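Below, each chain spelled out in residue letters.
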Amino acid sequence: MMDATTARSGRPGHGLILVLNCGSSSIKFAVFDPSATPLPRQALWNGKVLGIGGADPDFEETGVAPFPIKLDTAHPYRAALRIIRDRVSQRLDGRRIGAVAHRIVHGGSRYFEPVRVDAQVLTDLQGYIPLAPLHQPFALEAIDILLREQPELPQVACFDTGFHHTIPKLEQLLPLPYAAWERGLRRYGFHGLSYEYMAEALPERHGDAARRRTIVAHLGSGASLCAMQGLKSVATTMGFSALDGLMMGTRTGALDPGAVLYLMEIEKLSLEQVGRVLYHESGLLGVSGISAEPRVIVRHENDAGETGERARLALALYVRRIVREIGALIAVLGGLDMLVFTAGVGEHNAFIRERICAALGFLGIALDTDANASHAATISTDHSQVLVAIEPTNEEWIAANHALSGLDREKVR
């Protein structure tokens, strides 16, 4: 599939760009064709393997209905990657893969810019696995496999922490002994590829309004907010780890550390058990007892008894935490000119957007009900004092662009 011979299509010397976004139970992929300049934002095709490590994994891609797959139970992740490589190979039609771009959650205090991965870089990134245990090890496993099997294939690591490198030191510093800062314990920020795309797309759609005081709400299974000014990150809600900030699908968000100490000291949970509670059993799922997905929970708000009460509480707490954190970021920005929703929940859940904006009505936000219901690009009314927008994210295109830029630089040398 990934032979290094001359490409039939694309820029001279370049093949197609494969983007891999690896999580703990899924691998998403997209294939981009760099023959046009600038790189088209629409992938040639994309797909994903879901349910890795579970009983019923499946595969889906553009133009193909989802279908169940079987994965080697001893090495399910490696088997899933092999299926993706085989499926991509079947659709290449004489073309080749010229580079692979990887979304890497954590670059630590060393890596901010995209970098071509070799054995030394891989070793460095493996050292950051404890900072992002849900994603980092799986992305690095994919890189390791390709490095060993096809060492000539360029692989580019693109970091979710990179966009937040512009945050001032005051925002990065944790109120721990200063030696912790010197050891690398700091606020890093995540979802950077998504926010980097917002910095490209928002001024194209909304002009100079996007360059003012903007808060982007990346609301998906993981969730964070980013305060941007001049299209640069100045503050964000996720900090040292992907547990910080907003309440999420199965994660707590910001939590009093005393509660963690209580779970360990009084309830005698082990470190592994606490990790499972914080990452997999909390958030919307933990409070509702129903689902990690708002659109599922909302169907139970009017149920009788505890089921309905917990559904209402889960959604109310989810919205409250978002509103509180937006308020904190408005204080940092000194006001708000634009609020943007993106990612799975942000782009597709009109009732969540409506509830957030209703709670922020004191800012002069006025929502256009019809525009919100239809997921329009602008969902605020003409007389709203804050522009409210929806912008679909495109992390894969950002990663593909970084890989292509790296290939261009290498060609010039």
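As the structure is a computational prediction, the values presented were derived from the model and not from experiment.

1. Remarks on helix 3 (residues 136-149)
- Along its 14 residues, helix 3 runs 20 Å from first to last C-alpha, staying within 8% of the 20 Å computed at 1.5 Å per residue.
- Residues of helix 3 that are buried include every one of Gln-136, Ala-139, Leu-140, Ala-142, Ile-143, Ile-145, Leu-146 and Leu-147, and no others.
- Residues of helix 3 that are buried make contact with strand 1 (16-22), helix 1 (76-90), strand 6 (97-104), helix 2 (119-126) and strand 8 (155-159).

2. Some thoughts on the sheet that holds strand 7 (residues 115-116)
- In space, the eight strands of this open sheet follow the order 5-4-3-2-1-6-8-7, with mixed pairing throughout. The open sheet has two edge strands, strand 5 (64-68) and strand 7, and neither has a second partner.
- In the sheet, strand 1 pairs with strand 2 (residues 26-32) via six bridges, with the strands oriented antiparallel. Residue Cys-22 lies in a different strand from strand 2, and its bridge partner there is Ile-27.

3. Section: the packing of aromatic side chains
- Under the criterion given, the structure shown has six aromatic pairs.
- Centroid distance Tyr-111 to Phe-159: 5.8 Å. Interplanar angle 25°. Geometry classified as stacked. Remark: Phe-159 occurs in strand 8 and Tyr-111 occurs in the loop between strand 6 and strand 7; sequence separation between them is 48 residues. Like Phe-159, Tyr-111 is buried.
- Connected via pairs of aromatic rings, a cluster forms that spans Phe-29, Phe-59 and Phe-67.

4. Some words on the packing of helix 7 (residues 257-265) against helix 8 (residues 271-280)
- At a closest axis distance of 10 Å, the pairing of helix 7 and helix 8 adopts a crossing angle of 135°. Between helix 7 and helix 8, the angle falls in the class oblique. Both helix 7 and helix 8 take part in a crossing whose hand is right-handed. Listed contacts from helix 8 to Val-260, Leu-263 and Met-264 of helix 7 are Leu-271, Val-274 and Leu-278.
- Here the contact of helix 7 with helix 8 is built from residues that sort into six nonpolar, no polar and no charged.

Each value, and the rule that gives it
Residues numbered from 1 in each chain as written. Predicted model: local features only at pLDDT ≥ 70, side-chain atom pairs only at ≥ 80, totals over all residues. Heavy atoms only, no water. Helix = DSSP H or I, 4+ residues; strand = E, 2+ residues; numbered from the N terminus. Expected span 1.5 Å × (residues − 1). Buried < 20%, exposed > 50% of the residue type's maximum accessible area, 1.4 Å probe, protein only. Contact = heavy atoms within 4.5 Å. Pairing = 2+ DSSP bridges. Phe/Tyr/Trp six-rings, centres within 6.5 Å; stacked < 30°, edge-to-face > 60°. Axes fitted to C-alpha atoms, helices over the stretch in contact; angles between N-to-C directions. Parallel < 35°, antiparallel > 145°, perpendicular 65-115°, else oblique. Left-handed = near helix turned anticlockwise from the far one by under 90°. Nonpolar A, V, L, I, M, F, W, Y, C, P; charged D, E, K, R; others polar.

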